[in-house]
Amino acid sequence: MASALLTCPAMCLGQMCACCAASTCSSLCGACCGCEGIDRTGRRRSVFLLVLSLGAALGLQYGLAPRLASMNMLSMTSDYLASTLQGDCLTNEIYAGLESQCIGNIMVYRSSFCSALFFLIASAVSACTPKFNSLVWPAKYSLFFLMLLVSLFLPTQIFDENGYLWVARIGGAMFIIFQQIILIDVAYNWNDAWVANADEDDLQEYGSGKKWLIALVLSAVILFVGSFVAIGYFYHYFSGADGCSSNTAFITVTLLVTLLFTATQMSGEEGSLLTSALLMAYSVYLCYSALIKNPSETCNPFLGTNDGLGIIVGLTFTVVSLAWTGFSYTAEVKLGDGSTTEGEVQANQQASTEYGTVSEGGNEAEAEVCDESFSWKLNLVLAVLSMFYAVLLTGWGVVSDGQNAANPTIGFVSMWLIIASQWLAMLLYIWTLVAPRLFPDRDFS
């Protein structure tokens, strides 16, 4: 039985390793053929490793966990396997009927822990040796999957609420704030790109660029309308009962502060309407995430239901963050200092020559050295993002049925972590709008 038990994760890991090998071969072939857009600094490969970690977490959560939950006789085969793979999910009465969810959460924590630890180590090494992030990626992929395999045999106490889960909650709250920076940058780029398209079309035929501006305004209107509808939905379902004053306060603060920063943005030249609309939608999503974590059945009519909507929206924001981190040029500006020295360019050229990625001129090396100079910050962001997806997929560690939470204290703490992060994120956006007015002589670009 033990061998059969390990067959499933081994097959999953084998398939992901094959995927890694195919990707690595594709990159090497691209380098040999001189294709453009090759990732010589490891930036995109770092993001790809995180994507694999997320895929492994989902596979373990929805593939392996239900099988483990149905193996009541595993302890007769091996007490150690039962304690490491199932923890107390089958023996603790509070998880009765929730065994699969409990085990699935722990499996997500294992994958997230390995990913976060990998990127934290990579960040520390990259701080000392910037070009490290571009080297030996086949070995790095192998190391990650080895870490993931070993984690399956480590005690669950390392990963649950007695250990890593609390670190993941704090990291997830930190990423919520950082994600606001990403969304602001995405909205600015989105706005600038469509305005540039409108100007370009107008140069060819006057008035033809109007469609881009209409689409821009329409996108903002859709985000605003959707946010207001969601807030009305929140008032109807989450604040009607007595004793739910905290829910009402969360919703009201979200409404008033989002209106405040929208009015502030429209009264000046800072920001754009699309940026405020996107940040309002994000703030409303965070408010929903906090409300749905309320452990009181009276204040949370959806307690214990599968929060598919929240996971989908959260994963969408995560994908946007991954795309920004791996492919956006402005990510270098946000994370790095943007400076490039002659010595760094020469070092980058030498590294490219040694590893078979010789550039045709100094300009390409100079453009890429910025990637290496901020690689430690990139790995740090990916480590925090790893923690965020752990709490996203597990409801911030809450295990509940259709009526009550098995661990209501965790739901209460998670609710306040999310809403506090939302408040800070909204205040930071307001600061980006008012700071240029308060200090006109300083550059806030």
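Since the structure is predicted, the reported quantities are computational estimates derived from the model, not experimental observations.

## Brief notes about the packing of helix α2 (residues 43-69) against helix α5 (residues 99-128)
Packing of α2 against α5 leaves a shortest axis separation of 8 Å and a crossing angle of 160°. Classified by the interaxial angle, the pair formed by α2 and α5 is roughly antiparallel. The two elements α2 and α5 meet at a crossing, and its hand is right-handed. Tallied by class, residues from the contact of α2 with α5 come to 15 nonpolar, eight polar and one charged.

## Here's the deal with a nonpolar patch on the surface
Together, Val217, Leu218, Val221, Ile222, Val225 and Val229 line one region of the surface with nonpolar side chains, adding up to about 530 Å² of accessible area. Among the secondary structure elements, Val225 is positioned in helix α8 (residues 210-238). On the basis of relative accessible area, Val225 is assigned to the partly exposed category, the value being 46%.

## A look at the state of the cysteines
Under the counting rule described, the total for this entry stands at one disulfide. Disulfide partner of Cys244: Cys299, at an S-S distance of 2.1 Å. Between Cys244 and Cys299, the disulfide has an S-S torsion of -95° and is therefore left-handed. Of this pair, Cys244 sits in the loop between α8 and α9 (245-266) while Cys299 sits in the loop between α10 (273-291) and α11 (308-327); the two residues are 55 residues apart in sequence, bridging distant segments of the chain. With a relative accessible area of 2%, Cys244 lands in the buried category. In this structure Cys299 comes out as buried when scored by relative accessible area, which is 5%.

## Let's talk about the nonpolar core
Ranked by size, the top nonpolar core spans 96 residues in total, and within it Met107, Phe234 and Phe261 carry the most contacts. In contact with Met107, not counting residues within four places along its chain, are Leu60, Gln61, Leu64, Leu68, Leu85 and Leu152.

## Observations concerning the confidence of the model for the protein chain
Summing up the model confidence of the protein chain, the mean pLDDT is 77 and the portion of residues at 70 or higher is 74%. Below a pLDDT of 50 lies the segment residues 13-38, which in the model reaches 22 contacts outside its immediate sequence neighbourhood of four places, other chains included. Every residue in residues 338-370 is under pLDDT 50, and counting partners more than four places away or in other chains gives 33 contacts.

Conventions and cut-offs
Residues numbered from 1 in each chain as written. Predicted model: local features only at pLDDT ≥ 70, side-chain atom pairs only at ≥ 80, totals over all residues. Heavy atoms only, no water. Axes fitted to C-alpha atoms, helices over the stretch in contact; angles between N-to-C directions. Helix = DSSP H or I, 4+ residues; strand = E, 2+ residues; numbered from the N terminus. Parallel < 35°, antiparallel > 145°, perpendicular 65-115°, else oblique. Left-handed = near helix turned anticlockwise from the far one by under 90°. Nonpolar A, V, L, I, M, F, W, Y, C, P; charged D, E, K, R; others polar. Patch = residues over 30% accessible without salt bridge, like charges linked within 9 Å, V, L, I, M, F, W, Y side chains within 5 Å. Areas by Shrake-Rupley, 256 points an atom, 1.4 Å probe, with all protein chains shown as cover. Salt bridge = Lys/Arg side-chain N within 4 Å of Asp/Glu carboxyl O. Buried < 20%, exposed > 50% of the residue type's maximum accessible area, 1.4 Å probe, protein only. Disulfide = S-S within 2.5 Å. Core = buried A, V, L, I, M, F, W, Y, C linked by side-chain atoms within 4.5 Å. Contact = heavy atoms within 4.5 Å. pLDDT = per-residue confidence, 0-100.

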